[in-house]
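# Topology and contacts: notes
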Amino acid sequence: MQKNDFYLGVATSALQIEGSLAADGSGQSLWEVFAAQPGKVFNNDTPALACDHYRRCEADLDLMAALGIEMYRFSTAWPRIFPAGAGALNQKGLDFYARLIDGLLERGIEPMLTLYHWELPQTMQERGGWANRDVAKYFADYAGTMLERFGDRVKYWITHNEPWVTTVLGYWEGVHPPGTKDFAVASQVAHHLLYSHQLVWRIFQELNLPQGQLGIALNLSPVHAASNQPADLAAADRYDAFLNRWFMDPVLKGTYPEALCTLWREQGVSYPLERMDELQAGTINFLGINYYTRNRVQAGSGDALYALLRLEQLPPELPATEMGWEIYPDGLYELLTRISRENKELPLFITENGAAFPDQVDADGRVKDEQRIAYLEAHLAQVRRAKEEGVNVRGYLVWSFLDNFEWTYGYSKRFGLVYVDYATQKRIIKDSGYWYRDQINRKKQKG
Ligand code: IFM
């Protein structure tokens, strides 16, 4: 593997692409159980087959290599490794990921392994899920197993993907499993996710893996106030604390942001406040940033969770993607420079960036996704701009390699560089895939 100081790559996650959920002794995940309930996922789609990647892994790796991909971020499904979450280890699950990792290395693609991209074993959910502090310890045991098995081959490790989403969508808005709507429980869950990250950090230190790097991938987004009025500025600060600093401050500084602590005090939530001394600063070697859009807010009464935050979210001012997410490439530059200002040396990776658009296969068999090319081009330009100004950004990974199971949206939203015909499982490289290949080739030629 050649040393590379800036990778161009792609990202996926296990449940979104693998299918074969019960194969080779795998246990169930809570998403599998949730998606099987009518009305939970658009069109009642399920991840049962997804992109059938579990069976088509070799061919998918060949496709990745054909695009020249330099780094691949994927996740390993905890229930494949420990079908019951803890206890008996499933060798066949480990073997699948061993084949995947070796296949990447053989093709000169650097693996980045995410240990948790929301695939909680159902048995762990039955024990209370992330609201149960013990689940953090079981997660650390699973993570330790993966580090021991693959630490010789995988350099880049991520504990959690978007713990904010696990917390807020799963335990406050209740639109993701387990469907809880309780701010106090959500706050406890967040603390346990962070605690589990720290447990893994400790194991990681003890293993002392040569070249190993451990990070976390956070969904981050600049928050802009609707005006310069003090009330709007304060609302933007509250939202920034809630959306960005809830998980960033603990791993970088070992504290929770003050605005969030104030909210907890107002709401009578004591659990994270009483355990703040458990947070340890500097528990990452790199920060993964998942960036899609910005947020604009104003002070107000809001509804649902925004009522707690005393603010209202404003609709996009600029054109948006099919998800309704405003296209705002400058936000990526804003985030990178902001984080770099306080953490000059910290390596940063864009661990996800991409867009859903209503792709069609033309009569000539092509997918002409000009909007996606424009989106990616504009965002990559902001990454390069930040890099040229000295920000320590080490990679940019497109979400996603393949169209895939987009959680509660099922298969209705396509983010891939590669189109998947779900009926036949045929893959078609979109124009954006060819565009990305050319970007990578040009970068390689420059050296
Ligand atoms: O598909 C998701 C991914 O699993 C996490 N980050 C955002 C993507 C698009 O919604």
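Scope of this entry: the structure provided in the associated data block.

Definitions and limits used
Residues numbered from 1 in each chain as written. Predicted model: local features only at pLDDT ≥ 70, side-chain atom pairs only at ≥ 80, totals over all residues. Heavy atoms only, no water. Helix = DSSP H or I, 4+ residues; strand = E, 2+ residues; numbered from the N terminus. Buried < 20%, exposed > 50% of the residue type's maximum accessible area, 1.4 Å probe, protein only. Pairing = 2+ DSSP bridges. Near = heavy atom within 4 Å. Polar contact = N/O pair within 3.5 Å; in protein donor to acceptor, adjacent residues only side chain to side chain. Areas by Shrake-Rupley, 256 points an atom, 1.4 Å probe, with all protein chains shown as cover. Nonpolar A, V, L, I, M, F, W, Y, C, P; charged D, E, K, R; others polar. Phe/Tyr/Trp six-rings, centres within 6.5 Å; stacked < 30°, edge-to-face > 60°. Lys NZ or Arg CZ within 6 Å of the ring centre and 35° of its normal. Axes fitted to C-alpha atoms, helices over the stretch in contact; angles between N-to-C directions. Parallel < 35°, antiparallel > 145°, perpendicular 65-115°, else oblique. Left-handed = near helix turned anticlockwise from the far one by under 90°. Contact = heavy atoms within 4.5 Å. Salt bridge = Lys/Arg side-chain N within 4 Å of Asp/Glu carboxyl O. Core = buried A, V, L, I, M, F, W, Y, C linked by side-chain atoms within 4.5 Å.

## Side note on unusual backbone geometry
Most of the time, phi is negative for any residue but glycine, and the peptide bond is trans. Here the residue pair Pro177 and Pro178 is connected by a cis peptide bond, since its omega of 10° sits within 30 degrees of zero. As for its position among the elements, Pro178 is in the loop between helix H8 (163-171) and helix H9 (183-207). Geometrically, the link from Trp399 to Ser400 is a cis peptide bond, its omega value of 15° lying close to zero. Its place among the elements puts Ser400 in the loop between strand E11 (393-399) and strand E12 (418-421). Located in the positive-phi region is Asn43, a residue other than glycine, with phi close to 65°. The backbone of Arg310 shows a phi angle near 55°, a positive value even though the residue is not glycine. Judged by its relative accessible area of 37%, Arg310 is partly exposed.

## Some remarks on the pairing of strand E8 (residues 295-299)
With three bridges connecting them, strand E6 (residues 223-225) and E8 associate as parallel partners. Its bridge partner lying in E8, His224 is registered against Arg296. Where E8 lies against strand E9 (residues 311-313), three bridges are found, and the strand directions are antiparallel. Each bridged residue has a counterpart across the sheet, and for Gln298 the counterpart in E9 is Glu312.

## Notes on the site of the ligand
In the vicinity of the ligand, the contacting residues are Gln16, His117, Trp118, Asn161, Glu162, Tyr292, Trp325, Glu352, Trp399, Glu406, Trp407 and Phe415. Glu406 has a polar side-chain atom sitting 2.5 Å from an oxygen atom of the ligand. When the free accessible area of the ligand is taken as 280 Å², the share hidden by the protein chains comes to 95%. Partitioned by chemical class, the residues of the shell around the ligand number six nonpolar, three polar and three charged.

## Observations concerning the packing of aromatic side chains
Remark: the centre distance and the inter-plane angle together describe each pair of aromatic rings, the angle taken between the planes. For the structure on display, the rule yields 35 aromatic pairs. Plain terms: the ring middles of Trp31 and Trp407 are 4.8 Å apart, the flat faces sit at 55° to each other, and that makes the pair tilted. Of this pair, Trp31 sits in helix H2 (residues 30-35) while Trp407 sits in the loop between E11 and E12; the two residues are 376 residues apart in sequence, bridging distant segments of the chain. Both residues of the pair, Trp31 and Trp407, count as buried. Through a chain of ring-to-ring contacts, the aromatic side chains of Trp164, Trp172, Phe183, Tyr239, Phe242, Trp246, Phe247, Tyr256, Trp264 and Tyr306 assemble into a single cluster. Sitting over the ring of Tyr195, Arg133 keeps its end group 4.1 Å from the ring centre.

## A few points about the packing of H8 against H9
The contact between H8 and H9 brings their axes to 9 Å, and the two run at 155°. On the basis of their axis angle, the class for H8 and H9 is roughly antiparallel. Note on packing geometry: the crossing formed by H8 with H9 is right-handed. Counted together, Pro163, Thr166, Thr167 and Tyr171 of H8 and Val185, Ala186, Val189, Ala190 and Leu193 of H9 form the full contact between these two elements.

## Details of the sheet that holds E6
Strand-to-strand pairing in sheets goes through backbone hydrogen bonds, with the strands running parallel or antiparallel. Strand order in the open sheet made by the three strands is E6-E8-E9, with mixed pairing throughout. Of all the strands in the sheet, the pair left with one neighbour each is E6 and E9. Across the sheet, the axes of successive neighbouring strands diverge by a mean angle of 35°, strand direction being ignored. Its contacts with the sheet place helix H10 (residues 230-253) against E6, E8 and E9, and it is angled at close to 130° to E8.

## Regarding the pattern of salt bridges
The final tally for this structure, using the stated rule, is 31 salt bridges. Arg310 serves as the salt-bridge partner of Glu266, at 3.2 Å between the closest nitrogen and oxygen. One end of the pair, Glu266, is in helix H11 (residues 258-267); the other, Arg310, is in the loop between helix H13 (305-309) and E9, and 44 residues separate them in sequence. Given a relative accessible area of 45%, Glu266 falls into the partly exposed group. A salt bridge links Arg294 to Glu326; the nearest nitrogen and oxygen atoms lie 2.5 Å apart. On the criterion of sequence distance, the pair formed by Arg294 in the loop between strand E7 (286-290) and E8 and Glu326 in the loop between E9 and helix H14 (330-342) is long-range, its members being 32 residues apart.

## Topic: the environment of Asp152
Assignment of secondary structure puts Asp152 in the loop between helix H7 (133-150) and strand E4 (156-161). A relative accessible area of 61% means that Asp152 is categorised as exposed. With 58 residues separating them in the primary sequence, Asp152 and Pro210 have C-alpha atoms 7.9 Å apart. Polar side-chain contacts of Asp152 include one of 3.3 Å to the side chain of Arg153.

## Observations regarding the nonpolar core
Trp130, Trp246 and Leu287 are the most contacted members of the largest nonpolar core, which has 152 residues in total. With 11 residues, the single largest contributor to this core is H9.

## Thoughts on the sheet that holds E7
In space, the eight strands of this closed barrel follow the order E1-E2-E3-E4-E5-E7-E10-E11, with parallel pairing throughout. Sheet twist, expressed as the average angle between the axes of neighbouring strands with direction ignored, equals 25°. The pairing of strand E3 (residues 110-116) with E4 spans four bridges and is parallel. Directly across from Met112, in E4, lies its bridge partner Tyr156. On top of the sheet, helix H15 (residues 370-388) reaches strand E1 (7-11), strand E10 (348-353) and E11; it is set at about 170° to E11, its chief contact.

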